[in-house]
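# Commentary on secondary and tertiary structure
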Amino acid sequence: MEEKARHRNNAEKSPTSRSESDPGPDAGSEGGGVALKKEIGLVSACGIIVGNIIGSGIFVSPKGVLENAGSVGLALIVWIITGIITAVGALCYAELGVTIPKSGGDYSYVKDIFGGLAGFLRLWIAVLVIYPTNQAVIALTFSNYVLQPLFPTCFPPESGLRLLAAVCLLLLTWVNCASVRWATRVQDIFTAGKLLALGLIIIMGIVQICKGHYFWLEPKHAFENFRKPDIGLIALSFLQGSFAYGGWNFLNYVTEELVDPYKNLPRAIFISIPLVTFVYVFANIAYVTAMSPQELLASNAVAVTFGEKLLGVMAWIMPISVALSTFGGVNGSLFTSSRLFFAGAREGHLPSVLAMIHIKRCTPIPALLFTCISTLLMLVTSDIYTLINYVGFINYLFYGVTIAGQIVLRWKQPNINRPIKISLLFPVIYLLFWAFLLIFSLWSEPVVCGIGLAIMMTGIPVYFLGVYWQHKPQCFNDFIAFLTTVSQKLCVVVYPQMDESPSREEESSDEVKEQCRPMYTSSAPDGQESSDSPRP
């Protein structure tokens, strides 16, 4: 309740409070205050999950799994098993999402269960590298496929690629700042577009099978190894498959903007993960009806090669589909990652201005601008792909830590309100698979994983200086307050209004915090007293 009171007081003291600029009837909560709107329905929720999982990978290079599996049949089995494991992980997140119904996803869950430092390290690696690099790479892929037809005999100029990627980021940031509804409509439209493109690939594969082109699907050929079987390579194929399903947890980042999250969060997961698994498996089946494994491995853009073989003069559909898919992927990543930064600022782990929203549009404009600027900075560096390799391991590490937190929460608080309660067998299955891949990653690439861990550990001194240390010099606090006030005036933002009476979501989250008191600490922005500081 102290946190809610502080946010209300800050909103009242802000230079852009409602008394100066009335946000009007559309500005948020039922009481007319400024608050995040619940505008994400079931269809948009499915669009966020599907749109973030299906990027350019299935169109451009689904060959990582095939190359390491060593045969078509084993590669298809890997796609199915990783889809099932992803569904198991998503079920665990569904329980956590309705037990701790706060935006921020795994960051919020790790912080509430394991404490402020663990949560901050998850946030730190996401802010510093993961989301800026991923968004930059997706935007560069978009610009590459848009510009490639203009340069048929050579590669597009690097400066042109980066400039168009920046334009894409700026345009989608503007859309997300303008309206949550606009952003979700963009996501819905482009997710539908990429599913239609993949549907076309699957239908063409079925036609090929009906014509008798299923040589590589016959069991005696499907399991014919084109390289010597190796357990290490098979493990690597599972790791590649798991990365291909990345984004399955993104809906948990926007829980507070979901319409009826207790129903729509699990429903969206139950619909989206099986749908993506179906699409991935049957798209790969379609590819091998038109290409041999060797042709598939030699192609740098599998869907484009597939289209050239089967679509003739309509082959241009495939590169356009890749461009549209990546455009929607950038939008989905901007939308969800900005909510992660918003949640981190609200908990005092990032500058407090990032926890503010526009007084009329009710969008987290500072968090969106922060996301956009950090991604634009990544566009000017030449080491984007190297950074992704370093921190991909850390991202996967926190999936397991979060799901381990579900077991810890069951043990510490067995009677807490859980609208969804799954069998503990599910997190155990996920953690066994996760541990297998994690150990293999450490064994196969110890230097890369070690550098990733080192990057994450740089957050420890930042945490103790920025969050844990409460008695900062007054001049520093005054400077931060000045920057916050200027940012508020420029962006016309205030803290979201917190309801006087706690909602069902707040009661559930507060219960987790209170009952996990020995292991949980929270923090407060702007030098407020925090339970992350030493207790007397």
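Procedures and definitions
- Residues numbered from 1 in each chain as written.
- Predicted model: local features only at pLDDT ≥ 70, side-chain atom pairs only at ≥ 80, totals over all residues.
- Heavy atoms only, no water.
- Helix = DSSP H or I, 4+ residues; strand = E, 2+ residues; numbered from the N terminus.
- Buried < 20%, exposed > 50% of the residue type's maximum accessible area, 1.4 Å probe, protein only.
- Contact = heavy atoms within 4.5 Å.
- Areas by Shrake-Rupley, 256 points an atom, 1.4 Å probe, with all protein chains shown as cover.
- Core = buried A, V, L, I, M, F, W, Y, C linked by side-chain atoms within 4.5 Å.
- pLDDT = per-residue confidence, 0-100.
- Salt bridge = Lys/Arg side-chain N within 4 Å of Asp/Glu carboxyl O.
- Patch = residues over 30% accessible without salt bridge, like charges linked within 9 Å, V, L, I, M, F, W, Y side chains within 5 Å.
- Phe/Tyr/Trp six-rings, centres within 6.5 Å; stacked < 30°, edge-to-face > 60°.
- Lys NZ or Arg CZ within 6 Å of the ring centre and 35° of its normal.

Across its full length, the protein chain carries 22 helices and two strands. Buried residues in the protein chain amount to 57% of all 536 residues. Contacts in the protein chain between residues far apart in sequence, at least 24 positions, make up 82% of those at least 6 positions apart. A total of about 22,300 Å² of accessible surface is found on the protein chain, and carbon and sulfur atoms cover 67% of it.

Turning our attention to the nonpolar core. Formed by 148 residues in total, the largest nonpolar core has its most connected members in Ile54, Phe59, Ile201, Leu251 and Tyr430. Sort the elements by how many residues they give to this core and helix H12 (residues 261-290) lands first, with 15 residues.

The next subject is the confidence of the model for the protein chain. Counting all residues, the mean pLDDT for the protein chain is 82, and 86% of those residues have values of 70 or more. A low-confidence stretch, residues 1-32 (pLDDT under 50), is modelled with 64 contacts involving residues beyond four sequence positions or located in other chains. Throughout residues 499-508 the model reports pLDDT below 50, and contacts reaching past four residues in sequence, or to other chains, amount to 23 contacts.

Inspection of the entire model under this criterion finds 13 salt bridges. Taking the shortest distance from any N to any O, the salt bridge between Lys102 and Glu347 comes out at 3.0 Å. Pair noted here: Lys102 is in the loop between helix H5 (72-99) and helix H6 (106-114) and Glu347 is in the loop between helix H15 (317-346) and strand E1 (357-358), with a separation of 245 residues, a long-range link. On the basis of relative accessibility, which here comes to 7%, the residue Glu347 falls in the buried class. One salt bridge connects Asp112 with Lys111, and the closest N-O pair in it is separated by 3.3 Å. With respect to burial, Asp112 and Lys111 carry one shared label: buried. A single network of salt bridges, built from pairs that share partners, joins Lys102, Lys111, Asp112 and Glu347.

Turning next to unusual backbone geometry. We note that Cys362 has phi near 60°; this positive angle belongs to a residue other than glycine. For Cys362, a relative accessible area of 1% gives the class buried. Positive phi outside glycine occurs at Val492, with the angle close to 55°. Position of Val492 among the secondary structure elements: in the loop between helix H21 (474-491) and strand E2 (493-494). On the basis of relative accessible area, Val492 is assigned to the partly exposed category, the value being 28%.

Bringing a nonpolar patch on the surface into the picture now. The grouping of Val313, Met314, Trp316, Ile320 and Leu324 at the surface amounts to a nonpolar patch, some 520 Å² of accessible area in total. Looking at the element boundaries, Val313 is found in the loop between helix H14 (302-310) and H15. The exposed category is assigned to Val313, whose relative accessible area is 77%.

The subject of this paragraph is the packing of aromatic side chains. The tally for this structure, following the rule as stated, stands at 25 aromatic pairs. Note on Tyr463 and Phe464: the rings are 5.4 Å apart at their centroids and 85° apart in plane angle, and the pair reads as edge-to-face. Judged by its relative accessible area of 3%, Tyr463 falls in the buried class. Classification of Phe464 as partly exposed rests on a relative accessible area of 37%. Three or more aromatic residues joined by ring pairs make a cluster, and in this case those are Tyr93, Tyr109, Phe243, Trp248, Tyr396, Tyr399 and Tyr430. Lying over the aromatic face of Phe335, Arg339 brings its terminal NZ or CZ to 4.1 Å of the ring centre.

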